[in-house]
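Survey of secondary and tertiary structure
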Amino acid sequence: MPVSEPAHVVRRLAPPDASAYRALMLDAYANHPEAFTSTVEERTALPPDWWVARLQTGSDTAEVVYGAFDAAGTLVGAAGIGREARQRARHKATLFGMTVAASARRAGVGRLLVLALLAHARALDGVRLVQLTVTEGNRPAQALYARCGFQVFGTEPKAMLLDGVFLSKVHMWCDLDAVPAA
């Protein structure tokens, strides 16, 4: 008999979530170094205040992070969005730091996070598109983004160097006017 996955709750993270967010992200950096430009060593060295600051909830924050929680209240996924600060580029936002814990993969958590971030972007005055990069060859992530309305617009060769091997990044974008809200 099939077992249904309990619903996940997705919400904007706040300073009290900083410790759980840090642990989730450090695990992601350590176990999937090919997916992130930042290293686990760089992020481990950051003071706790950096993690708290990233989760500030004011309306004027440049970056916002959403988290997905399982039925037990454990943070099992996170992703952020940052709005471009320069006047001529304020119509753009960038999705960053997407991760889903191994225990929650294939349960729709990634899709819930992306859709929450797209909804957040739509609520920002003047934002018309969201961009992201995904490591070339990460087919599950690229397919998730495509299902959520993102399209490839180019590939950056040698975007990062991991253990002596250059990895390329696929650039994707989502036109918020063309993709219906979920």
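In this text the structure is predicted, and so the values were computed from the model without any measurement.

Another aspect to go through is the packing of aromatic side chains. Scanning the model with the defined rule gives four aromatic pairs in all. Following the ring pairs from residue to residue traces out a cluster consisting of Y21, W50 and W51. Directly above the aromatic system of F166 lies the positively charged group of K158, at a separation of 5.1 Å from the ring centroid.

Read from one edge to the other, the open sheet built from seven strands follows the order β1-β2-β3-β4-β5-β7-β6, with strand pairing classed as mixed. Pairing within the sheet leaves two strands with one partner each, and these edge strands are β1 (9-12) and β6 (151-162). Across the sheet, the mean angle separating the axes of adjacent strands is 25° when strand polarity is ignored. Summarising the sheet, strand β3 (residues 75-83) and strand β4 (residues 92-100) pair through six bridges and their orientation is antiparallel. If you follow G77 over to β4, its bridge partner there is V100. Strand contacts of helix α1 (residues 18-31): β2 (63-69), β3 and β4, with the helix running at about 90° to β3, the strand carrying the most contacts.

What follows deals with the nonpolar core. Grouped together as the largest cluster of nonpolar side chains are 50 residues, with contacts concentrated most on Y21, L95, V114, L118, V130, Y145 and F150. Elements supplying a minimum of two residues to this core: α1, β2, β3, β4, α4 (109-123), β5 (129-135), α5 (139-147) and β7 (165-175). Of all the elements, α4 adds the most residues to this core, at eight residues. The residues contacting V130, other than those within four sequence positions of it, are I81, A93, L95, L118, A121, F150, M172, W173, C174 and L176.

The probe, sized like a water molecule, is rolled over the atoms to show the empty space still left. Empty space within the largest pocket amounts to approximately 1000 Å³. At the level of secondary structure, the elements contributing two or more residues to the lining of the largest pocket comprise α1, β4, α4, β5 and α5. A per-class count over the lining of the largest pocket returns 18 nonpolar, 11 polar and eight charged. Reported here for the second largest pocket is a volume of approximately 150 Å³. The wall of the second largest pocket is formed by S59, D60, T61, A62, V64, I81, R83, E84, A85, R90, H120 and L124. When grouped by side-chain class, the residues that make up the lining of the second largest pocket number five nonpolar, three polar and four charged.

Rules used throughout
Residues numbered from 1 in each chain as written. Predicted model: local features only at pLDDT ≥ 70, side-chain atom pairs only at ≥ 80, totals over all residues. Heavy atoms only, no water. Phe/Tyr/Trp six-rings, centres within 6.5 Å; stacked < 30°, edge-to-face > 60°. Lys NZ or Arg CZ within 6 Å of the ring centre and 35° of its normal. Pairing = 2+ DSSP bridges. Helix = DSSP H or I, 4+ residues; strand = E, 2+ residues; numbered from the N terminus. Axes fitted to C-alpha atoms, helices over the stretch in contact; angles between N-to-C directions. Contact = heavy atoms within 4.5 Å. Core = buried A, V, L, I, M, F, W, Y, C linked by side-chain atoms within 4.5 Å. Buried < 20%, exposed > 50% of the residue type's maximum accessible area, 1.4 Å probe, protein only. 1 Å grid on protein atoms, 1.4 Å probe; cavity = no way out; pocket = protein on both sides within 12 Å on 5 of 7 lines; lining within 4 Å. Points joined across faces, edges and corners; volume = space filled by probe spheres on them. Nonpolar A, V, L, I, M, F, W, Y, C, P; charged D, E, K, R; others polar.

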